Every structure is written in structure tokens, then in C-alpha cells.
Amino acid sequence: MHLIRIALASLGNRRFTAFLTVFAIALSVCLLLAVERVRTEARASFASTISGTDLIVGARSGSVNLLLYSVFRIGDATNNIRWDSFEKLAEHPQVKWAIPISLGDSHRGYRVMGTDTGYFEHYHYGRGQSLALAEGKPFDDLFDVVLGAEVAEALHYKLGDHIVLAHGTGTISLVNHADKPFVVTGILARTGTPVDRTLHISLEGMEALHVDWKNGAPARGAGKVSAEQAREMHLQPTAITAMLLGLKSKVATFAVQREVNEYRGEPLLAILPGVALQELWSLMGTAEKALFVVSLFVVITGLIGMLTAILTSLNERRREMAILRSVGARPWHIASLLILEAFAMAVAGAVVGVGLLYLGIAASQGYVQSSYGLYLPLNWPTAYEWTLLGAILGAALLMGCVPAWRAYRQSLADGLSIRL
């Protein structure tokens, strides 16, 4: 107890240097824990970009490719699915609901997706959260469009605005569907998922855009079909890009997946979203580990700063060491004093770092969840986070042994002499 009091009093005499050292350790601890928590929650959020969907079905290709274009709107399908195949799978005894997805157009760099109203009812994200409209209503007219939150915010659209969609998925398109403008009837609440970056129209609306197209090019002159003429036409789609399936029983998932993969009508692929998401996340593992290593080196830098501060003060404190020897302190008492100082600064830094972490989470929790779809909980540190904190304190103890050994040797050499 005497050594602890002396160590705290010694730190108090060097309070400014000690404060800077503790603050540096606190920032590094806060960064490490923040990176770990964001990494953990990002993994959970990534895995729950789509939830409640049992199978994603598309043309036969790779599982990651199918996941990317159907959920993340990245890349393009190798082929389409015939509409009769969709209808047959939607009528499967084990299928509870089916959502068709049709891709291929865009608007100022944002993807356009054709679907039906079941999408707003059955599509879930996060921890089983349903899509919600911040404004307006789902599409019910041929030329209605429902915008994702990011699209509306970035392009400053509001209800009632008219927009023109473009053919293709590039940021710049040379061919626009200017003769068939759409009206904004709804804006979805922010989800932090690719839904925010998508424009949603009906399947019939998607067909209307291309009803007068042949061989990938719009018709000219008498072959053109106006928006009013399109309203009078039967716009049943002949093909879609992919479909989302919800099953009546989770037990039947693998059986239905096998049936789809062996479907004789055309080559199809059915994937489990969770499995495909894990496969995709594993491809990003290198970047994830690199971020963790960088934050770990920041912690090591903070501890080295502590070590440097203690070492540089040793010569200035030789009078202090000699006085302690004169009142009966042994060399190992001097060494223990320096180890306790290092440990005390590390503990204080860890406590302040955890406090900064929770203050940061409390201040930014709502913004991070609404903007990036990451839910950062204000819960107790996990077992792994406790392990990281323990490792930091252990490293501080080891580093404290370096100045302690030097002080021990100096104390033996100096004896009771006083060196100025």
C-alpha cells in the first residue's frame, strides 16, 4: 500500500507528463475497441443486409455473383429467368412468398429495380426490420417510382417530381427513356443497405420502358410506343433477373434448393443468403485484419510513449531514488515503484479509453445506424474486448520492467549517494 501511495504521489508531481501519457494510451485503447466493435457490428450488419429470405434464385453462375447483383446491385446477371419459371417456383408447395426482381436500367448512377408490391411487404433487413416509407406510398400506377433514401437525399427529389430513367447501368447513359417519365410517389426510410441506393418501379413499368425496343435499341418513327399507348397494352414480363423466396418451413430449405438447382426448364441457381454473405465476407478478410493490425500498432505506439516518458525521467529522479534508499527502501522497492507507475498509467488510460468509446457510441449511435445501417450497442465489453484490455495491461507491465531494471541497477550503484 505504501508503494502504491508513493507511485500515485510521484505521478501527481509529474501530472502534466502523466496526463499526456494517459491520454495517448486512452486514445489508442478507444481506437482499438472502436475498430473491434465496428468490425463486429459491420460483420453482423453485412450478414443481415437481407434477412427473412430463405433462397435467392437466378441464372446459373456463381453464388457471390448472384448475391452481388440481386442484393447489392453490383455487377450484372449472366442471363435472365423466364417468367414461366418464376410462376412455377412461386406455386411450389413449400414456397410461402416469391418476389421477382428485374434489373437493367439506372438513373444518374443509381440502379432501377422492377418488382411487385410484395417486395415492400416481405423484404427484411437488419434484425428482421421491415421496409418503411418515410413519405408517400408504394407504386400503384404504371409510371410510379419509389426512391431509396440516399437517392432522394443525394438528388434532392421530393414527392411529385418527374424523373427520366436511363437504359443500362452506367453512370452516364447515351440512351434515356425520355418519352416515359416516372413520378415519385414514395420515399423509403433509410436502412443503411443497398435499398437506399435503388429506385423501385413495377414490373409492368419496367416492361413499358422497353416495349418498343428491339435488339437492344429503341424503335424509331411509327414503331415507337408512347406512354399513353403503353397503358393500354398487356405488359406481362417475359423474363426477370432474379427472385427472392420465402419458405413455409426452414426444414425444406435444402430440399427446395436442390430442386431449383436441378430444374429441367432452364439452368437455375438457388443460394442461401447467409452462406453466400459469409463467403463474400471471407473475401474481404484481408482488409478487415489490416484495419485491426493498424489499430493494434497505435496501441503499441501509445505504450512505447509511456515507456519513453518513464525512461527520460529516470536521471531526473535519481535524487528521489536516493532519498527513498536513505529511508530504508531496497532496490526492488524502487523497481516495483516504476512498474506500479507504468501499470497505473495503463489502467487509467484503459478506463478513460473505454469511457471515450461509450461517449462516442452514445453520441453517434443514431447517426451511424441511420446513415450506415450499423447498430452499435451500449453494452458491456465482450469477452474478447476484456481479453484485449488484459493484453494491453500485460504489455504495460512488461514495458514497465525496462525502466524498473534500469532503476534497480542505478539504485545498486548509487547506494546512498546523491547525484545531481
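The sections below set out a description of the structure shown in this document.

## Points about the overall build of the protein chain
For the protein chain, the helix and strand inventory stands at 14 helices and 17 strands. When burial is assessed residue by residue, the protein chain has 47% of its 420 residues classed as buried. The contacts of the protein chain with a sequence gap of at least 6 include a subset with a gap of at least 24, amounting to 78%. For the protein chain, the accessible area works out to roughly 20700 Å², and carbon and sulfur atoms hold 61% of it.

## Regarding the packing of helix α3 (residues 63–70) against helix α10 (residues 273–283)
Interhelical geometry of α3 versus α10 gives an angle of 100° and a closest axis separation of 9 Å. Between α3 and α10, the crossing angle belongs to the class labelled roughly perpendicular. Along its contact with α3, which presents S63, V64, L67 and L68, the element α10 presents A276, L277, E279 and L280. Partitioned by chemical class, the residues of the contact of α3 with α10 number 6 nonpolar, 1 polar and 1 charged.

## So, the nonpolar core
As a rule of thumb, nonpolar side chains are buried together in soluble globular proteins. Membership of the largest hydrophobic core comes to 32 residues, with the highest contact counts inside it found for I56, L67, F72, Y119, Y123, L131 and L244. Taken together, the elements giving at least two residues each to this core come down to α3, β3 (95–107), α5 (118–122), β16 (242–247), β17 (268–271) and α10. A total of 5 residues in this core trace back to one element, the largest contributor, which is α3. Grouped together as the second largest cluster of nonpolar side chains are 26 residues, L33, V299, Y358 and I392 included.

## Some details on a nonpolar patch on the surface
Together, V293, L296, F297, I300 and I304 make up a nonpolar patch on the protein surface, roughly 410 Å² of accessible area in all. Classification of I304 as partly exposed rests on a relative accessible area of 40%.

Calculation criteria
- Residues numbered from 1 in each chain as written.
- Predicted model: local features only at pLDDT ≥ 70, side-chain atom pairs only at ≥ 80, totals over all residues.
- Heavy atoms only, no water.
- Helix = DSSP H or I, 4+ residues; strand = E, 2+ residues; numbered from the N terminus.
- Buried < 20%, exposed > 50% of the residue type's maximum accessible area, 1.4 Å probe, protein only.
- Contact = heavy atoms within 4.5 Å.
- Areas by Shrake-Rupley, 256 points an atom, 1.4 Å probe, with all protein chains shown as cover.
- Axes fitted to C-alpha atoms, helices over the stretch in contact; angles between N-to-C directions.
- Parallel < 35°, antiparallel > 145°, perpendicular 65-115°, else oblique.
- Nonpolar A, V, L, I, M, F, W, Y, C, P; charged D, E, K, R; others polar.
- Core = buried A, V, L, I, M, F, W, Y, C linked by side-chain atoms within 4.5 Å.
- Patch = residues over 30% accessible without salt bridge, like charges linked within 9 Å, V, L, I, M, F, W, Y side chains within 5 Å.
- Salt bridge = Lys/Arg side-chain N within 4 Å of Asp/Glu carboxyl O.

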